[in-house]
Amino acid sequence: MARNAPERIKTKAGHSPRARIHAAWSPIGQKMRRTALLRGLGGALAVLLVIGLAADAYAQSFFDSLPSIQGLDSATFAGDTLITDSTGKVVLADVGNHGDHRLAVKLKDVSPVAVQATVAIEDKGFYTNPGIDFQGIIRAAFDNIRSGHIVGGGSTITQQLAKQQFLTPDQTVSRKIKELALAYELSQTYSKDQIMELYLNKSFYGSQSYGIEAAAESYFQIPASKLDLAQAAMLAGLPQAPTEWNPVLHPDSAKLRQAEVLRAMVRSNFIAQEQMDKAEAENLTYYAPVNKFNAPHFVDYVLAELRQLGFQPGIQQLNVKTTLDWNMQQIGESTVANNMARTVCNARHSNYGCDPRGVLSSGLVAVDPLTGNIEVMVGSPNYNADGGQINYTTIPRNMGSSMKPYTYGAVINARAATVDTPVYDGPSPLVYKDAYSTTKIYNYDGKSHGVLPLKKAMGNSLNIAAVKVELSIGVPAVLSWMRSMSVRPRYVIANPDGSFGGYDANAPGDQYGPSLTLGGYPITLLEHVEGIATYADKGVYHSPEAILQVTDSHGKELYKTHPDQRARLAIDPVVAFIMAQIMADDQNRCMIFGCNSALHWKDRIVAAKTGTTDNFKDAVTIAFTPDLATGLWVGDIKGNQFTMISGSDGVFVASPGVHEFVQRALAGVDGNRWYTPPPGVVSGPGNSWYLADTTRIEKLPGDNPPSPTPSAPVYVVPPDPGTGPVLANPTAPPIVCPTPALPPPAHCP
C-alpha cells in the first residue's frame, strides 16, 4: 500500500520552494524535535541550576544563622557561685541567680545508674543514633497531624541539649528544623559522653535546681556521685515535667514517674527486675531547697567585691575561696550575742548599754594585720531580724575617743611631743573658738586632772588633753596622718534646708574641727580596724581583702590576691611601735579606768582603746596584737534622740566583748608575742619609748598650764561591782600596776 505523500507545490514560475514546515517523521522534523528537546533540557537544567544555587545559598544562609556549637563546656554555663572560708572546706554560701542553683559536674563524678536511668527514659538509642531519631520524628509527626498542632517532636537527648542551649521553647516548624540541624552538628562534633555531660549539667530538675549535681544536693543533700538506683531514677524522670513530678510538691506523682523510669531501665537491660523491685521499695527522704548563708554579712561583702572585680556572682560558675576564718567567725558571732545579752535591760536592774526606748545593734570585725585579710565580720547580731541586713561594720558611725591613737601618733611623728611631754589637762571646759562657732570641751568625768605625761593623757582618754595635743600640730595635720592609713573621716554635708546631704570623705582639712580627735566625724568600723592594724604591722597598711582566689568549676584560676601588692609603708615603724607600747601598758589608763579593766589581759599583751560618743549613742573598743586587729561597736540604730542609758561608756559596753573575743580567738597563741624594738627607738624609764632623734620635749606647743602647776589628784581602784571598771575614787591612796617590760612582759595581777 502506497504511502500518502504530501502534494507538491510549485510557484507560478514552475519552481518547487524549500519546505518551511516539515512532518515530524521527516529527517528534518526529527532533527528539529531533537534540537527542541535539547533546548528544553538545557533550559530545565538552567532552571534547576538556579534553584540549586538558590537552595545552596539558602542552606548556607540557614546554617550560618545557627549559633556556633564550638567550645561547649559545662563550666561556661550559667551557674552557681560557691563561696568558702579560707580553707576551702566550709561552704559559706551557694549563690544562685534569683535563688536558682546551677552546679557543674564532670560525667565521671555522676553515679553510673543516673546516666543509665537518663538514657532509658529519655533516649534509649542515645549511644547509637546520629543525634536524631527518625522513627521518633515520624511517630511525632503523625501525633501532631492527628492533634492539629505540634504536641511533641520525638526529641533525642542531643536534640534536647540543642534546644536548651541554643533555642527558644517555641513549638514551630522552623525551630524544629534548627533543632535537628544543631543536633546533627553536635553529634558530629562531640562524643556521646561529652553530650551526656552537657545535658546532665543543663537540664532543669525543679526546686530551683539546674543540673544533676544541684538536684542531688537539693533533694537528697548528697553529691551526684553518691546517688543510688532509687534516687537516680527519681531524678532522671524530672526534666520532662520538673514541677508536676517534683517529689517535694507531688510525692505520689513522683513515685509513679520513678516506677516508669525503673521499668524503662529493665527494658533496656540496665537493671534486673529484682533491682527494680528493691528500688521501688526504698523509702526516700526529700528536702526542700534552702538558701541559707553562713556569715551572711561577709558573704554580701564578698559578692560586692566580686562584682567590682568584673565577675557575675550567681550567674557565673565560680569557686571563691575567701579570707574568712570560720572557727574565728563563730567565736565572733557568739561574742556579739553574749555581749548584747549583757546590754539588755531586765526587770531587776538596767545594765550598761540598756536602751529601753531605742534599738541596739552591734558589729565586730577582725583582720590579720600582716595581710589586711578580713578573718571575721559580724555585721549585726541577727541578719534575719528587722534591720539586721545592715552591715554595721561597713557603714559610717562615730567612733568616739577610739580615734585618739591617730592623733597621738601624728603628734609624736611630728616631733611635737614625746610620750613623757607634760600636758595640762585643763582648764575645764576647754573653750575653742573659730570663725563659725564656740565649742566647750569636757572630759568624760567633767573634771580636769592637772598635768600628766602625754602617754597617760592618752591612756586615760582625757578629751581636753587630746584636743590640745591635736591643736599643737593642727587639725589638718592629724587628718593627713589618718588618711595616710586610709582612715577617712566623713565631713557631713548639709542641704540648704539644714537636712542631711551626705558625706564627703575627701573634704579639705580646714573644714574639720577639733572634734576630729574625739570621733566627731564618722568612719566605718572596718576602715578603723584596718587603720589601727597599721600600728599592729609596724607601720605597713594593707587594703582590706575578702577574696583569696577565684576559680571556675574546672579549677582554672581566674583571680588571686597578692598581699604584697596591697601593702604600703604608711607611717614610720618607730611611731607604730611607740603607740603599741602606750596602748598596751595598763598603767597608762589606771587613773580613769582602773587597773585590770576589760582593756587588760592577764595572760597576753594587747593594745586597746575605747571610744564613746556624746550622749552614749555609740560605744567602741579597738584592740590589736601582732596576730590580730579587731574592733567592736555597739550603739542605738534609731534616730539621734535615742541613746543608751547614761554611763554606757565603751569600756562597759564594748570592751568586755573585745576582751572575750581576743581571749577566745587567740587561745593557743603565745601571749608573750610582742614587738621587738625597731631601729630608731630608744627606751626610757617607766616603759617610755622615744624616737632616737627626739628623746625630750619639755612642753607641748601652745600648752600653757597655770603657774604654779596644779598637782594631779590621787586615784584608786574601787572594788569591782561586777559590771566592769568604774571611775576611780580620789579619796584613797593609788594602786599602781607594775610596768610591762620587754621581754618578757609583766602584767597587773
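Residues numbered from 1 in each chain as written. Predicted model: local features only at pLDDT ≥ 70, side-chain atom pairs only at ≥ 80, totals over all residues. Heavy atoms only, no water.

Colleague: I would appreciate a short explanation of the overall build of the protein chain in the present structure.
Modeller: Helices and strands together make up the secondary structure of the protein chain, namely 21 helices and 22 strands. Relative to all contacts within the protein chain whose residues are 6 or more apart in sequence, the contacts with residues 24 or more apart total 71%. Surface accessibility of the protein chain: about 35,200 Å² in total, with carbon and sulfur atoms responsible for 55%. (Helix = DSSP H or I, 4+ residues; strand = E, 2+ residues; numbered from the N terminus. Contact = heavy atoms within 4.5 Å. Areas by Shrake-Rupley, 256 points an atom, 1.4 Å probe, with all protein chains shown as cover.)

Colleague: I'm lost on the environment of Y491 in this one. Help?
Modeller: By secondary structure assignment, the location of Y491 is in strand β12 (residues 491-494). Residues Y491 and Y503, spaced 12 residues apart in sequence, show a C-alpha to C-alpha distance of 5.5 Å. What Y491 contacts, discounting residues up to four positions off in sequence, is G502, Y503, D504, A507, Q511, Y512 and Y521.

Colleague: Would you explain the side chain of S209 in this entry?
Modeller: Checked against the element boundaries, S209 lands in strand β4 (residues 209-210). Here S209 falls in the buried class, since its relative accessible area comes to 1%. Among the polar contacts listed, one links the side chain of S209 to the backbone oxygen of S207, at a separation of 3.0 Å. (Buried < 20%, exposed > 50% of the residue type's maximum accessible area, 1.4 Å probe, protein only. Polar contact = N/O pair within 3.5 Å; in protein donor to acceptor, adjacent residues only side chain to side chain.)

Colleague: Explain the sheet that holds strand β5 (residues 318-322) to me, please; I cannot follow it from the model alone.
Modeller: Across a sheet, paired strands are connected by hydrogen bonds in the backbone, their directions being either parallel or antiparallel. Taken in spatial order, the five strands of this open sheet run β2-β1-β5-β15-β16, and their pairing is mixed. The sheet terminates laterally at β2 (91-95) and β16 (557-560), the two strands that pair on one side only. Recorded for the sheet is a direction-independent mean angle of 15° between the axes of neighbouring strands. Here strand β15 (residues 547-551) runs beside β16; their pairing, made up of three bridges, is antiparallel. Paired with V550 across the two strands is Y559, which belongs to β16. (Pairing = 2+ DSSP bridges. Axes fitted to C-alpha atoms, helices over the stretch in contact; angles between N-to-C directions.)

Colleague: Would you explain the packing of helix α12 (residues 326-342) against helix α21 (residues 655-665) in this entry?
Modeller: Packed helix pairs are specified by the crossing angle of their axes together with the interaxial distance, meaning the distance between the axes. For the pair α12 and α21, interaxial distance at closest approach is 9 Å and the crossing angle is 155°. Here α21 runs roughly antiparallel to α12, going by the angle between their axes. The chirality of how α12 crosses α21 is right-handed. Contact residues: M328, I331, G332, S334, T335, N338, N339 and R342 in α12; P656, G657, E660, F661, R664 and A665 in α21. Across the contact of α12 with α21, the residue classes tally to five nonpolar, six polar and three charged. (Parallel < 35°, antiparallel > 145°, perpendicular 65-115°, else oblique. Left-handed = near helix turned anticlockwise from the far one by under 90°. Nonpolar A, V, L, I, M, F, W, Y, C, P; charged D, E, K, R; others polar.)

Colleague: Looking at this structure, how should I read the environment of G332?
Modeller: For G332, the location among the structural elements is in helix α12. As a C-alpha pair, G332 and V658 span 326 residues in sequence and 9.3 Å in three-dimensional space. Residues contacting G332, with those up to four places away along its chain left out, are L364, V376, V378 and F661.

Colleague: I keep staring at the sheet that holds strand β6 (residues 360-367) and nothing clicks. Help me out?
Modeller: Overall, antiparallel pairing links the five strands, which are arranged β7-β6-β20-β19-β18 in an open sheet. The strands lining the two open edges of the sheet, one partner per strand, are β7 (374-378) and β18 (607-612). Taking the axes of each pair of neighbouring strands and ignoring which way they run, one obtains an average angle of 5° across the sheet. Pairing of β6 with strand β20 (residues 629-636) involves eight bridges; the strand directions are antiparallel. Bridge pairing links L360 to D636 in β20. Taken strand by strand, α12 contacts β6, β7 and β20, and its axis lies near 30° from that of β7. Lying on the sheet, helix α18 (residues 573-584) is in contact with β18 and β19 (618-624); it crosses β18 at an angle near 70°.

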